Amino acid sequence: MKKHIVVIAGDGIGQEVTAVGKQVLDAIAKKYDHEFTYDTALIGHEAIEATGNPIPDETITKSKASDAILFGAVGHPKYDNDPSAKVRPEQGLLGIRKALGLYANLRPIKLFDELLSASSIKPEILKGADILFFRELTGDVYFGERGRKDDGDTAFDTMIYSRYEVERIVIKAFDAAMTRRRKLCSVDKANVLESSRLWREVVQEIAPRYPEVEVEHQFVDAAAMLLIKDPKRFDVVVTGNLFGDILTDEASQIAGSMGMLASASVGDTTGLYEPIHGSAHDITGKGVANPLASVLSVALMLDISFGMKEEANAVVDAVDSVLKAGFRTRDIADATTASDKILGTQAMGEQILQRLTA
Ligand SMILES: NC(=O)C1=CN([C@@H]2O[C@H](COP(=O)(O)OP(=O)(O)OC[C@H]3O[C@@H](n4cnc5c(N)ncnc54)[C@H](O)[C@@H]3O)[C@@H](O)[C@H]2O)C=CC1
Ligand SMILES: CC(C)CC(=O)C(=O)O
Ligand SMILES: [Mg+2]
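As the structure is a prediction and not an experimental result, all values here were calculated from the model.

Trainee: Talk me through the confidence of the model for the protein chain; I want residue IDs and the actual numbers.
Mentor: With 100% of its residues at a pLDDT of 70 or more, the protein chain has an overall mean of 97. Across the interface, the model reports ipTM at 0.99; the global pTM reads 0.98.

Here is the structure:
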C-alpha cells in the first residue's frame, strides 16, 4: 500500500522519540512491502525560531495533503517562564488540531503486564485495567474567548461547547463502547458549569440509541479519584478538552509512565498520531526519553488511518516482547530492573526494530 506521512517532530524530546517512531514506520514498510513516502514540517518553538509563526501555513498545507501525521511535541522553557509571551509554541499544536478538524482524541490506557510493578499503584488494583478515553479536542476553554480587562488585572478564559461539538464526539465514544465492554462513562462538571449541563443533556439524548451500552455520568473531581481507586471500573470515557487533558496525564500512571501513552487525533480527514506527553525540558537532550509512546502512536496510525491491523499488532507485539525481555527506559524501570537492561531512547528503539526485522 502507498501512504504519504508528514513527520512533525517539534520541540524537545519530540525530536528524540519521533526519530524512533519514523524508524518503526520504515521497518513496517520494508517487512510488509508498503511504500511510505515522507515529508517534514515545522511547528512550535522551532517554527517560531524559523518563521516567527508556531504553525506556518506550509505545515497546514502539507498536513492536509497527507494520509497521516506523526507528531512529537511542542514547548520550550523560555515560554513556560514568560507568561507575557503572545506567540507561544503550544499555539502550534492547538492550531493544527483546529485547522485539520481533529476533534476526537483517542487515548488508550492499556497496561502491559510486565509494567505492573513500574506503577506507583498497587498491582492488584491495576491488573486488567483497559480504558479508552475520548477527549474532545477542538473546543472548550482552549478555544473559547480569552483576554484581560481592568488594565490587565483581571483575566478570563471561556469554557464553551456547541451541541454539534458534543454530539459528534459522544457518538464516536458510544460506537467504540459497542466494540468493547459496552460501558461508557461521561465526565463533566454539570453540578457547576453550564457547558457541562449541555454536555450531559446531549449524552442523555444520545444514550437511547445505544440501549446495550451502560452509561454513567461522573463529575470530574470524582472521576479523578475513581481512576486511581478502581481503574478497572472504566471502559470508554468521554469528556471535554480540559478534563480529558488532565485526566489522561493522571491515567498515564495506570500504564506506568507518560512515556507509554499514545494517542490518535481524528476527525473528518487525515489523522494525527502523537504521544500524550510534552517536550519534557527536564530530560531533553539526555537521550533517556521513553520512545514507546511514539512507537505505539505509530501502531495506532497503522490501525486507524491505514487499516493495517496485522502491522499494528506487530508493533504492539514488539513492544510487549521488549518489555518481556526486561528492557526498560528509566521512567519505567523499577528497583528490580537490572542496570544493564535500562536503555536510552535510541537503544530502546533498536530493540523494537530488531524484533520487527527478525
Ligand atoms: N502535546 C504536547 O506537545 C504537549 C506539550 N507540553 C509542553 O511541554 C513542556 C513541558 O511540559 P511538562 O508539564 O513538563 O509535561 P511533559 O509531558 O513534557 O513532562 C512531564 C513529566 O513526564 C516526563 N516525561 C514525559 N514524557 C516522557 C518520556 N517519553 N519518557 C520519560 N519521561 C517522560 C518528563 O520528564 C516530566 O518529568 C511545556 O512547554 C508544555 O507546554 C505539555 C504537554 C503536551
Ligand atoms: C498544548 C497542550 C494543550 C497539549 C496537551 O497538554 C495535550 O494535548 O495533552
Ligand atoms: Mg496534556
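Trainee: Go over the packing of helix α11 (residues 292-305) against helix α12 (residues 309-324), please, and point to the residues and values.
Mentor: Angle between the axes and distance between the axes: these two values describe a pair of packed helices. Contact pair α11 / α12: the axes reach a minimum separation of 7 Å and the direction vectors enclose 160 degrees. With respect to each other, α11 and α12 are oriented roughly antiparallel. When the axes of α11 and α12 are compared, the crossing they make is left-handed. Seen from α11, the contacting residues are Leu-292, Val-295, Leu-296, Val-298, Ala-299, Leu-302 and Asp-303; seen from α12, they are Lys-309, Glu-311, Ala-312, Val-315, Val-316 and Val-319. Here the residues of the contact of α11 with α12 are counted per class, giving 10 nonpolar, no polar and three charged.

Trainee: Tell me about the domain arrangement of the protein chain, residues and numbers included.
Mentor: When the domains of the protein chain are assigned, the result is domain 1 (1-112 + 260-358) and domain 2 (120-254). Put simply, the middle of domain 1 and the middle of domain 2, counted by C-alpha atoms, are 24 Å apart. Every contact between the two is made by 18 residues of domain 1 and, on the other side, 23 residues of domain 2. A total of seven residues in the side of domain 1 that touches domain 2 trace back to one element, the largest contributor, which is strand β4 (residues 104-110). In terms of residue class, the side of domain 1 that touches domain 2 is made up of 11 nonpolar, three polar and four charged.

Trainee: Can you explain the nonpolar core? Please cite residues and give values.
Mentor: By size, the foremost hydrophobic cluster in this structure holds 100 residues, and its most contacted members are Val-24, Tyr-273, Val-298 and Val-315. A per-element tally of this core places α11 first, with nine residues. Viewed by domain, this core spans two of them, domain 1 (1-112 + 260-358) and domain 2 (120-254), each represented by three or more residues.

Trainee: For the UniProt feature "binding site: Mg(2+)" (unreviewed entry) in the protein chain, give the residues involved together with the corresponding values.
Mentor: In the numbering used here, UniProt assigns the feature "binding site: Mg(2+)" (unreviewed entry) to Asp-221, Asp-245 and Asp-249. In summary, the annotated positions, though distributed over 29 residues, converge in three dimensions, the widest C-alpha pair being only 14.4 Å. By the element assignment, Asp-221 lies in helix α9 (residues 220-229). Note on Asp-221: 13 C-beta atoms within 10 Å, which makes it partly exposed. Inspection of the secondary structure assignment puts Asp-245 in helix α10 (residues 241-251). Under the C-beta neighbour-count criterion, Asp-245 is labelled partly exposed, with 18 such atoms within 10 Å.

Trainee: Describe unusual backbone geometry, and please don't skip the residues or the numbers.
Mentor: For residues that are not glycine, phi is negative in most cases, and the peptide bond is trans in most cases. Positive phi is not limited to glycine here, since Asp-33 has a value of about 60 degrees. Along the chain, Asp-33 falls in the loop between α1 (13-32) and β2 (35-40). Taking the C-beta count within 10 Å as the criterion, Asp-33 has 7 such neighbours and is therefore assigned exposed. The phi angle at Asp-150 is positive, at roughly 50 degrees, despite the residue not being glycine. For Asp-150, the location among the structural elements is in the loop between β6 (146-149) and β7 (154-157).

Trainee: With reference to specific residues and values, describe the site of ligand 1.
Mentor: What surrounds ligand 1 is a group of 21 residues, the closest being Gly-75, Gly-259, His-277, Gly-278 and Asn-290. Secondary-structure elements contributing two or more residues to the shell around ligand 1 are α1 and α5 (90-99). Counted by class, the shell around ligand 1 contains 10 nonpolar, seven polar and four charged residues.

Cut-off values and rules
- Residues numbered from 1 in each chain as written.
- Chains lettered and ligands numbered in written order.
- Predicted model: local features only at pLDDT ≥ 70, side-chain atom pairs only at ≥ 80, totals over all residues.
- pLDDT = per-residue confidence, 0-100.
- Axes fitted to C-alpha atoms, helices over the stretch in contact; angles between N-to-C directions.
- Helix = DSSP H or I, 4+ residues; strand = E, 2+ residues; numbered from the N terminus.
- Parallel < 35°, antiparallel > 145°, perpendicular 65-115°, else oblique.
- Left-handed = near helix turned anticlockwise from the far one by under 90°.
- Contact = placed C-beta atoms within 7 Å.
- Nonpolar A, V, L, I, M, F, W, Y, C, P; charged D, E, K, R; others polar.
- Domains from an automatic or database assignment.
- Core = buried A, V, L, I, M, F, W, Y, C linked by C-beta atoms within 7 Å.
- Buried ≥ 20, exposed ≤ 12 C-beta atoms within 10 Å, placed from the backbone.
- UniProt positions renumbered as here; feature names shortened; annotations may be inferred.
- Near = placed C-beta within 6 Å.

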